[in-house]
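The primary structure of each chain is shown beneath.
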Amino acid sequence: MNDGFDFDFDLDELAPADAASEEAVERFWSGDLTALSQHHTTPNGSHSFVVAHDQSATWGVPGAPQVMAIAVARDLTEFTYTLETSHHATVPFAQNWLVERGCPPEKIAKVHGGFAKPSDDLTVWVERQIRESGARYEVLDNHTSDSDPNETWTLTRDSRAAEAPLRVFHEEWDQDVGTYTMREGAFADVDVARSWLDDRNGPLPPPPEYFGEGDIRRSRAALSRSAGAAAAPKPGLEASRTPPAGPIRRPIQGRLL
């Protein structure tokens, strides 16, 4: 695994517990992966949870998700293991998938290495909301673009939303400064959400509950502070891009540089 960590699934003495695990390990190729975050249980190492960038996805179907979540459970009494993988457009949704399989959220939250950083407090807040949301968001579709515009989006249905239950999580990268911004938008139905994704005719409409109390109120303050940076115009498709002065490693879009 290309991550600077000496990570090994350590399955040599174990047998797959089911056909799905056997198939998963047969088609698994760690050479295309760069670990972004990982947690291994102690002291007996019965479980491993990994979030990784899958470089092979950049050469596959355009728009395909490039973040892989990996969950390994070892039964050291029966000498068997289960291995599951799942692809996601963004790191927080991969983390959420792992949390749902028993990983403590605080153990998988930090992304290691010299990767791009959140641009503001609201981005951090939205990512945490996704990571710790349980089964709240049903993912309907997603898309990853590693050329202009440098972005991902995930279209979901929010089971807790009293109104505008269709939620778009839009992530945009600024390669020049090595940061990214995550925002959540709310729509009445799928058609309206897809219309915005196709046309971008106006700003992403914020969820109605952002006008509530507590953490939501603080997120609005963060949004206000970052409004100038978030509203910066994106280069057109024909605009040339100047490479950054140093390498920027982007965990969820395109090939890591």
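What you see is a predicted model; the values in this text were computed from it and never measured.

**Q** An account of the pattern of salt bridges is requested, with residue identities and associated values reported.
**A** Summed over the entire model, instances satisfying the criterion amount to eleven salt bridges. Between Glu 132 and Arg 128 there is a salt bridge; the shortest N-O distance is 3.4 Å. Take Glu 132: its relative accessible area is 43%, and that puts it in the partly exposed class. Residue Arg 200 pairs with Glu 151 through a salt bridge whose shortest N-O separation is 2.8 Å. Within this pair, whereas Arg 200 is found in the loop between helix H5 (190-199) and helix H6 (215-225), its partner Glu 151 is found in strand E8 (residues 150-158), the two being separated by 49 residues in sequence. Several salt bridges converge on common partners, so that one network encompasses Arg 136, Asp 158, Arg 167, Glu 184 and Glu 209.

**Q** Account for the packing of aromatic side chains, naming residues and giving values.
**A** Going through the model one piece at a time under the given rule, you end up with five aromatic pairs. With a centroid separation of 5.7 Å and an interplanar angle of 75°, the aromatic rings of Phe 93 and Phe 169 are classed as edge-to-face. In this pair, Phe 93 sits in helix H2 (residues 91-99) while Phe 169 sits in strand E9 (residues 166-174), placing the two residues 76 residues apart along the sequence. The same class applies to Phe 93 and to Phe 169, which are both buried. Centroid distance Tyr 137 to Phe 169: 5.1 Å. Interplanar angle 80°. Geometry classified as edge-to-face. Of the two residues, Tyr 137 is situated in strand E7 (residues 137-146) and Phe 169 in strand E9; the sequence distance between them amounts to 32 residues. Here Tyr 137 falls in the buried class, since its relative accessible area comes to 9%. In textbook terms, an aromatic cluster arises when at least three aromatic residues are bridged by ring pairs, as seen for Phe 93, Tyr 137 and Phe 169.

About the thresholds
Residues numbered from 1 in each chain as written. Predicted model: local features only at pLDDT ≥ 70, side-chain atom pairs only at ≥ 80, totals over all residues. Heavy atoms only, no water. Salt bridge = Lys/Arg side-chain N within 4 Å of Asp/Glu carboxyl O. Buried < 20%, exposed > 50% of the residue type's maximum accessible area, 1.4 Å probe, protein only. Helix = DSSP H or I, 4+ residues; strand = E, 2+ residues; numbered from the N terminus. Phe/Tyr/Trp six-rings, centres within 6.5 Å; stacked < 30°, edge-to-face > 60°.

Honestly, it's all geometry; don't read function into it.
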